[in-house]
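Working through the structure, step by step
What follows is each chain in one-letter form.
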Amino acid sequence: MAKTTKQKIIKVVGYLPVILCLGAFCWGYYAYVFIYCRQRLLTLGAPNGLRLFLQIAAHLLIILSIWSYLMVVFIHPGTPSKALATLKGRTSRSSSSDDDANLYVRNSSGRDSESPVIESQQLQTMLHSQNENANSSPSFQITVKQNGDKRYCRKCEYEKPDRCHHCSICGECILKMDHHCPWINNCVGFHNQKFFLLFIFYTAILCTLAAFSLAPGLYHLFAGQMAIDIDDIQLAFLGLLTGLFGIMLIFFVGFHIYLLVNNRTTIENLERTVYKVDQNGSPTTSKYLNVFNIGTYRNFTEVMGRKPYLWFLPVGNTEGNGVLYPLSSYAYNTLSMAE
């Protein structure tokens, strides 16, 4: 669906908070590094090793924070139209003779063993067998509406894949939508969730480091042992901001780590998901079962990637395609029996 003029204007105006955030980073960098680390700490007689450590740490955290921020701002979270078209091409090329559409995989010894996870490749094979006509759209949906009907977006005019939601601000459906954030002028979704997590993680550490290291200087300032000038006012304001944002971001990071290791989005955490495993079955809801929860480590690597040396770098290595997701065999089978 083409974006309206109003949505395009909102998108352009939405970059004002982005400019504000980048400006805050630049000002904070100047106030902390040039005023505090290079001037005030020297006046207070801080060891050169401490001043060097704080400057190196600040530079590293600021680079990683801004890098992650720019990635989450400018990387689109993904829409179903392109992802479904790509998946359709893959399913049409896959072989329907492969017996991967059940809940079993072969281990290294060649024997059948039940897997705790239904891999997305197996679901892709299931799609091929369900869509013999090459012109049909690949459609595997385990999440449905309350009445059991497939989730369909009337604005975008196609079926929503699992975990996909329509964003009224962006004017399009977003893959694995977590939330729309005005401070990044973008939605947090499948392709940029990792960058968002790294951004708030590094910014939380940066704010906490700055707040604690500013404390001695601010103590001397308010104790009346130093003359107050414009630089001191800037440092006082910086200490207040970093302290407040540090506290808020620590809780915010903790919440999103909880979502990450449990393979949930903010929307899924707020709403009760309705599942329908069998097309002829009835819809089922469960407060405790999350069919997308495939174990803490796998949940983590689905977003952060499988290469540990890239986990904490803002580079795109998220697993999957945003349409099909590995499923928990236990939850899948439990829901099947409930229907």
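Residues numbered from 1 in each chain as written. Predicted model: local features only at pLDDT ≥ 70, side-chain atom pairs only at ≥ 80, totals over all residues. Heavy atoms only, no water.

The protein has the name Palmitoyltransferase for Vac8p in an unreviewed UniProt entry, where Entomophthora muscae is given as its organism.

**Focus: the overall build of the protein**
Tallying secondary structure elements over the protein gives 10 helices and 12 strands in all. Here the protein, with 339 residues, has 48% of them falling under the buried criterion. Here the analysis covers contacts within the protein between residues at least 6 apart in sequence; of these, 68% occur between residues at least 24 apart. Of the roughly 17700 Å² that the protein leaves accessible, carbon and sulfur atoms contribute 63%. (Helix = DSSP H or I, 4+ residues; strand = E, 2+ residues; numbered from the N terminus. Buried < 20%, exposed > 50% of the residue type's maximum accessible area, 1.4 Å probe, protein only. Contact = heavy atoms within 4.5 Å. Areas by Shrake-Rupley, 256 points an atom, 1.4 Å probe, with all protein chains shown as cover.)

**Focus on the packing of helix 2 (residues 15-43) against helix 7 (residues 230-261)**
As a packed pair, helix 2 and helix 7 sit with axes 10 Å apart at the nearest point and diverge in direction by 120°. For the element pair helix 2 / helix 7, the angle class is oblique. Every pair of crossing elements has a handedness; the one defined by helix 2 and helix 7 is left-handed. Every residue of helix 7 that contacts helix 2 at Trp 27, Gly 28, Tyr 30, Ala 31, Tyr 32, Ile 35, Tyr 36, Gln 39 and Arg 40 is listed here: Asp 231, Asp 232, Gln 234, Leu 235, Phe 237, Leu 238 and Leu 241. Here the residues of the contact of helix 2 with helix 7 sort into 10 nonpolar, three polar and three charged. (Axes fitted to C-alpha atoms, helices over the stretch in contact; angles between N-to-C directions. Parallel < 35°, antiparallel > 145°, perpendicular 65-115°, else oblique. Left-handed = near helix turned anticlockwise from the far one by under 90°. Nonpolar A, V, L, I, M, F, W, Y, C, P; charged D, E, K, R; others polar.)

**Quick word on the nonpolar core**
Membership of the largest hydrophobic core comes to 28 residues, with the highest contact counts inside it found for Tyr 69, Val 72, Val 73, Ile 184, Ile 200 and Met 304. Those elements giving two or more residues to this core turn out to be helix 2, helix 3 (48-74), helix 6 (193-222), helix 7 and helix 9 (296-304). Among the elements that make up this core, the one with the highest residue count is helix 6 (10 residues). Residues within four places of Val 73 in sequence aside, it is in contact with Tyr 15, Val 18, Ile 184 and Asn 186. Core analysis: the second largest hydrophobic core is formed by 19 residues, Val 277, Leu 289, Phe 292 and Leu 327 among them. (Core = buried A, V, L, I, M, F, W, Y, C linked by side-chain atoms within 4.5 Å.)

**Comments concerning helix 7**
Taking 1.5 Å per residue, 32 residues should reach 46 Å; helix 7 reaches 45 Å between its end C-alpha atoms and fits that length. The residue sitting at the N-terminus of helix 7 and contributing the capping side-chain oxygen is Asp 229; that oxygen lies 3.1 Å from the backbone nitrogen of Asp 231. (Expected span 1.5 Å × (residues − 1). Polar contact = N/O pair within 3.5 Å; in protein donor to acceptor, adjacent residues only side chain to side chain.)

**Some thoughts on unusual backbone geometry**
A positive phi angle is found at Glu 157, which is not glycine, with a value near 65°. With respect to the helices and strands, the residue Glu 157 is situated in the loop between strand 4 (152-153) and strand 5 (158-159). Here Asn 185, not a glycine, exhibits a phi torsion of approximately 55°, which is positive. The topology assignment puts Asn 185 in the loop between strand 8 (179-181) and strand 9 (186-188). For Asn 185, a relative accessible area of 6% puts it in the buried group.

**With respect to the confidence of the model for the protein**
For the protein, per-residue confidence averages 85 on the pLDDT scale, and 83% of positions sit at 70 or higher. Overall, residues 94-113 carries pLDDT values under 50, and its contacts beyond four positions in sequence, including any with other chains, amount to 27 contacts. A low-confidence stretch, residues 132-138 stays under pLDDT 50, and its non-local contacts, those more than four residues away or across chains, total 11 contacts. (pLDDT = per-residue confidence, 0-100.)

**Describing the side chain of Lys 160**
Mapped onto the elements of the fold, Lys 160 is located in the loop between strand 5 and strand 6 (165-167). No salt bridge is formed by the buried Lys 160. Its closest oppositely charged neighbour is Glu 271, at 8.9 Å. Dropping the residues within four chain positions of it, Lys 160 is found in contact with Gln 141, Arg 151, Tyr 152, Cys 153, His 166 and Cys 173. (Lys, Arg positive; Asp, Glu negative; His and termini not counted. Salt bridge = Lys/Arg side-chain N within 4 Å of Asp/Glu carboxyl O.)

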